[in-house]
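Summary of the model geometry
Listed below are the residues making up each chain.
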Amino acid sequence: MAQIVVKQPRASEALKTALAQFDAAADRLDLDDGIRAMLRACKRELSVHFPVQMDDGSVRVFTGYRVQHNLARGPGKGGLRYNTNVDLDEVRALAMWMTWKSAVVSLPYGGAKGGVIVNPRSLSLGELENLTRRYATEVSIIIGQNEDIPAPDMGTDGRIMAWIMDTISMHRGHTTAGVVTGKPVSVGGTLGRREATGRGLLFIIQELAREKGVSLEGSTVAVQGFGNVGAVAAQLLQQAGATIVAVSDQSGGLYNARGLRIEALLSYQKDNGRLATAPGGDHITNQELLALPVDFLVPAALEAQITAENASDVKARFVVEGANGPTTSEADAILAANGVEIVPDILANAGGVIVSYFEWVQDLQFYFWEENEVNERLHRVITRAYRDVASTAKERGISLREAAMVLAVGRVVEASRIRGIYP
Ligand code: NAD
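The structure displayed is predicted, hence computed values, not measured ones.

1. Observations regarding the sheet that holds strand β5 (residues 148-152)
- Strand order in this open sheet of 5 strands is β1-β2-β4-β3-β5, and the pairing throughout is mixed. Unpaired on one side and paired on the other, β1 (44-53) and β5 mark the two borders of the sheet. Going across the sheet, the axis of each strand differs from the next one's by a mean of 25°, ignoring polarity.
- Note: strand β3 (residues 76-83) against β5, 5 bridges, orientation parallel. Bridging from a neighbouring strand, Gly79 pairs with Ala151 of β5.
- Running at roughly 145° to β1, helix α4 (residues 125-139) makes contact with β1, β2 (59-70), β3 and β4 (110-117) of the sheet.

In structure tokens form, the structure reads like this:
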């Protein structure tokens, strides 16, 4: 008799990594099968296919998603991504990571994520607005300031958040500023949001350095990615006394053992768009940057940059993950074996979601804070989270990544257990 082979859909790399990280934490916490099954699945997944009127009069149908992984600790929170590589599995993985990120820094949020399969640069401004407003309408049945709060991610920005806020406000008949975060300050955004992720990285590195007895003053740093996260982190670390020996963007990198002038590079980037031809150092590739012998390596570009192929070249003492998922699981093991310590993404780049939470709180109260108040509170929240993770790592003899996951998953499990299963 012919054997019937049931083909399982292949989970994307991101989802495989997210599930493997969860399973490891679940084993450490000795979770039973029921709660494991609950947390391995995303609670709610909305797929939408919607038409958009294009400038030439034609109609194109786009596909988008909004996924809520878990809402035990509060409303969903997570970015909205516009990219041609978006797929449902990737959105699931990113939603799951948001659950853990919110929990590890003790925010009262669950995890969610959204995406639309589109290259935003291929659309005119009018088409981008039409697409955004129609997507917001399609997912309006599950997003809301008490339900699920999107924010910018790859390919989206403050202007797109403002369109979503306006669309939902038109439907509800009154302004609901708290439905999205990462908005411009003029429509309920917060001071300090643009720099928040880079500033959070600075606070994490300061705390790491203090704990390890390393002086940040005079230490060396290489930063991959010179965008919102990488450029701000480089700027703030330099102001704090570190020597930024290398930075890079998609076009390539720049190296100077005596230190780069970050302000000058920012204005060069503004005028020329890319670092590959910038003055002030020797030109290097992104691969060479990752292999530099520095105290702190900050991958702040995109996922899967440190892999099984190049992990053994990494000579940094610490890797502090600015990007989401820059180190693959195989690379993680190689770095650990070589004594390289990693501060994981869900902790290191949580500054963005922490200040998004502050924005939401200010919107709900119609009461806005000074920038130094935002920064001080960010310092308090992220430093406390680092200390919690570091002491868990020490107590259990595990890595910071494993400790962050144990803490985060433990908190979500506790909330789920206390709430109980309805009905
Ligand atoms: P961005 O688009 O502002 O900057 C990305 C940078 O990476 C650019 O300089 C780009 O040139 C560079 N880059 C792109 N491809 C590259 C490649 N192949 N090699 C080297 N460099 C490359 O994005 P961002 O907001 O800075 O986000 C960077 C990462 O941080 C992403 O993984 C994002 O998910 C994560 N993150 C961002 C925030 C935030 O608040 N912006 C918060 C948490 C996590």
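Continuing now.
2. Looking at the site of the ligand
- Around the ligand, a shell composed of 19 residues is seen, among which Thr197, Phe226, Asn228, Val229 and Gln250 lie nearest.
- In this structure, an oxygen atom belonging to the ligand sits 2.9 Å away from a main-chain N or O atom of Phe226.
- Within the backbone of Asn228, a nitrogen or oxygen atom sits 2.9 Å from an oxygen atom of the ligand.
- Calculation on the ligand without its partners gives an accessible area of 830 Å², and the protein chains cover 74% of this total.

3. Concerning the packing of aromatic side chains
- Tallied over the full model, the rule gives 9 aromatic pairs.
- Seen in terms of ring centroids, Tyr357 and Phe358 are 6.0 Å apart; in terms of plane orientation they differ by 50°. Their pairing is tilted.
- Among the aromatic residues, those joined into a ring-pair cluster are Tyr109, Tyr357, Phe358, Trp360 and Trp369.
- The residue whose ring lies beneath Arg377 is Trp369, and the NZ or CZ to ring-centre distance is 4.4 Å.

4. A short note on α4
- In this model, α4 (15 residues) spans 21 Å end to end at C-alpha, consistent with the 21 Å of a helix rising 1.5 Å per residue.
- Among all positions in α4, only Glu127, Leu128, Leu131, Thr132, Tyr135, Ala136 and Val139 are buried. Viewed end-on, α4 has its buried residues packed into an arc of 165°, placing them on one side of the element.
- Contact partners of the buried residues in α4: β1, β2, β3, β4 and α5 (158-172).

5. Details of the side chain of Asp363
- By the element assignment, Asp363 lies in helix α12 (residues 351-365).
- Residue class for Asp363 comes out buried when judged on its relative accessible area of 4%.
- If near-sequence neighbours (up to four positions away) are discounted, Asp363 is found in contact with Ala177, Gly178, Val180, Lys183, Gly188 and Phe368.

Calculation notes
Residue indices begin from 1 for each chain and proceed along its sequence in written order. This being a predicted model, a pLDDT of at least 70 is required before a residue's local features are given, and a value of 80 or more before pairs of side-chain atoms are given or counted; all residues contribute to the totals for chains, interfaces and linings. In computing side-chain values, all of the structure's heavy atoms are included and hydrogens and water are not. Two strands pair if DSSP finds at least two bridges between them. Only DSSP runs of H or I with at least four residues qualify as helices, and only runs of E with at least two residues qualify as strands; both kinds are numbered from the N terminus onward. Angles shown run from 0 to 180 degrees and are taken between the N-to-C directions of axes, each axis being a line fitted to C-alpha atoms and, for helices, limited to the stretch in contact. Residue contacts follow a heavy-atom distance rule, with two residues in contact if any of their heavy atoms lie within 4.5 Å. Nearness of a residue to a molecule or strand requires only that one of the residue's heavy atoms be within 4 Å of it. Pairs of N or O atoms within 3.5 Å make up the polar contacts considered here, provided that, within protein, one atom can donate a hydrogen while the other can accept it, and that residues adjacent in sequence are counted only when both atoms are side-chain atoms. Working definition of accessibility: Shrake-Rupley area with a 1.4 Å probe, residue cover restricted to the visible protein chains. Here is the rule: rings of Phe, Tyr and Trp (six-membered ring for Trp) pair when centre to centre is within 6.5 Å. Planes less than 30 degrees apart are stacked, more than 60 are edge-to-face, and the remainder are tilted. Note on criteria: charge over ring means Lys NZ or Arg CZ within 6 Å of the ring centre, with the direction from the centre no more than 35 degrees off the ring normal. Every helix has an expected span of 1.5 Å times one less than the residues it contains. Only protein chains enter the accessibility calculation, which uses a 1.4 Å probe. A residue is then buried if its area is under 20% of the maximum for its type, exposed if over 50%, and partly exposed in between. An arc is given here, and it is the one of the directions from the helix axis to the C-beta atoms.

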